[in-house]
Amino acid sequence: MQLNGLIHTLPKELKLLIATFVVILSIGFFTGLLFVSETSSANPNGIEEQYLGNETDEDATVMKFKKSEKEMLTLVHGHILSMSIIFFLLGLILSTTKLNKKWKLFLMIEPFISVVLTFGGLYLLWKGMLWTKYIIMFSGTLMTLTFSFSVLIILKQIFSSTKALSK
């Protein structure tokens, strides 16, 4: 079965469903990033403080406590499961776009690696491996970039198709 470029041949209703899904998914994804920015200042030391607490910092404006093991396992479990489903669905849709095979494969597989590195890294950070905060930052950034590029490619190809939504 030839998937490359299939998105251009889909019926109008399916294109509209995909576009709506991808837009709403993006709203949820980027809202999550806003939450990360609010809670950890989106920098390595902020990430460390968010999960390990800041009780020893007398100048802290907001007191944070080290997360419990139950909180960390819930966070890691929930994010790995939900992000895997998100990237699986996005990858399925991306597989139907017309794109260089190597780029497409990268955009489809990389987010899964980043999910493991980001959320596994958070657990390892919580366990005391402080250097993982840099891996978390890098993999989280890469995950966001691959998500963004995938969404842009999908939406561009849905709306730029010669048949686009005119049928």
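Please refer to the structure placed before this passage.
Scoring rules and cut-offs
- Residues numbered from 1 in each chain as written.
- Predicted model: local features only at pLDDT ≥ 70, side-chain atom pairs only at ≥ 80, totals over all residues.
- Heavy atoms only, no water.
- Helix = DSSP H or I, 4+ residues; strand = E, 2+ residues; numbered from the N terminus.
- Buried < 20%, exposed > 50% of the residue type's maximum accessible area, 1.4 Å probe, protein only.
- Axes fitted to C-alpha atoms, helices over the stretch in contact; angles between N-to-C directions.
- Parallel < 35°, antiparallel > 145°, perpendicular 65-115°, else oblique.
- Nonpolar A, V, L, I, M, F, W, Y, C, P; charged D, E, K, R; others polar.
- Contact = heavy atoms within 4.5 Å.
- Polar contact = N/O pair within 3.5 Å; in protein donor to acceptor, adjacent residues only side chain to side chain.
- 1 Å grid on protein atoms, 1.4 Å probe; cavity = no way out; pocket = protein on both sides within 12 Å on 5 of 7 lines; lining within 4 Å.
- Points joined across faces, edges and corners; volume = space filled by probe spheres on them.
- Phe/Tyr/Trp six-rings, centres within 6.5 Å; stacked < 30°, edge-to-face > 60°.

Draft legend 1. View of the overall build of the protein chain. Along its length, the protein chain carries 5 helices and 0 strands. Beginning at the N terminus, the succession of helices and strands in the protein chain can be written as α-α-α-α-α. Summarising its shape, the C-alpha atoms of the protein chain cover approximately 65 × 30 × 25 Å along the three principal directions. Relative to its 167 residues, the protein chain shows a buried fraction of 38%.

Draft legend 2. Summary view of the packing of helix H3 (residues 69-94) against helix H4 (residues 101-126). The interhelical angle for the contact between H3 and H4, taken along N-to-C directions, is 175°, at an axis separation of 10 Å. Classified by the angle between their axes, H3 and H4 sit roughly antiparallel to one another. Considered class by class, the residues forming the contact of H3 with H4 number 18 nonpolar, 3 polar and 2 charged.

Draft legend 3. Fine view of helix H2 (residues 44-52). Listing the buried residues of H2 in full gives Pro44, Gly46, Ile47, Glu48, Gln50 and Tyr51. Buried residues along H2 sit in contact with helix H1 (12-40), H3, H4 and helix H5 (132-160). Its side-chain oxygen at 3.0 Å from the backbone nitrogen of Asn45, Asn43 defines the N-terminal cap of H2. Positive phi appears at Gly53, one or two residues downstream of H2, with a value of about 85°.

Draft legend 4. Looking closely at the side chain of Ser26. Among the structural elements, Ser26 can be located in helix H1. Ser26 has contacts with Phe147 and Val151, leaving out every residue within four places of it along the chain.

Draft legend 5. Quick peek at the layout of surface pockets. The calculated volume of the largest pocket comes to roughly 670 Å³. Forming the boundary of the largest pocket are 28 residues, of which Gly32, Leu33, Val36, Thr118 and Phe119 lie nearest the centre. Contributions of two or more residues to the lining of the largest pocket are made by H1, H2, H3, H4 and H5. A per-element tally of the lining of the largest pocket places H1 first, with 9 residues. Here the residues of the lining of the largest pocket sort into 15 nonpolar, 11 polar and 2 charged.

Draft legend 6. The packing of aromatic side chains, seen in detail. A complete count under the given rule lists 7 aromatic pairs for this structure. When the centroid spacing of 5.4 Å and the interplanar angle of 85° are considered together, the rings of Phe29 and Phe30 count as edge-to-face. Judged by relative accessible area, Phe29 falls into the buried class, the value being 10%. Phe30 gets classed as partly exposed once you look at its relative accessible area, which sits at 33%. Their ring planes at 80° and their centres at 6.3 Å tell us that Phe29 and Phe87 sit as a pair that is edge-to-face.

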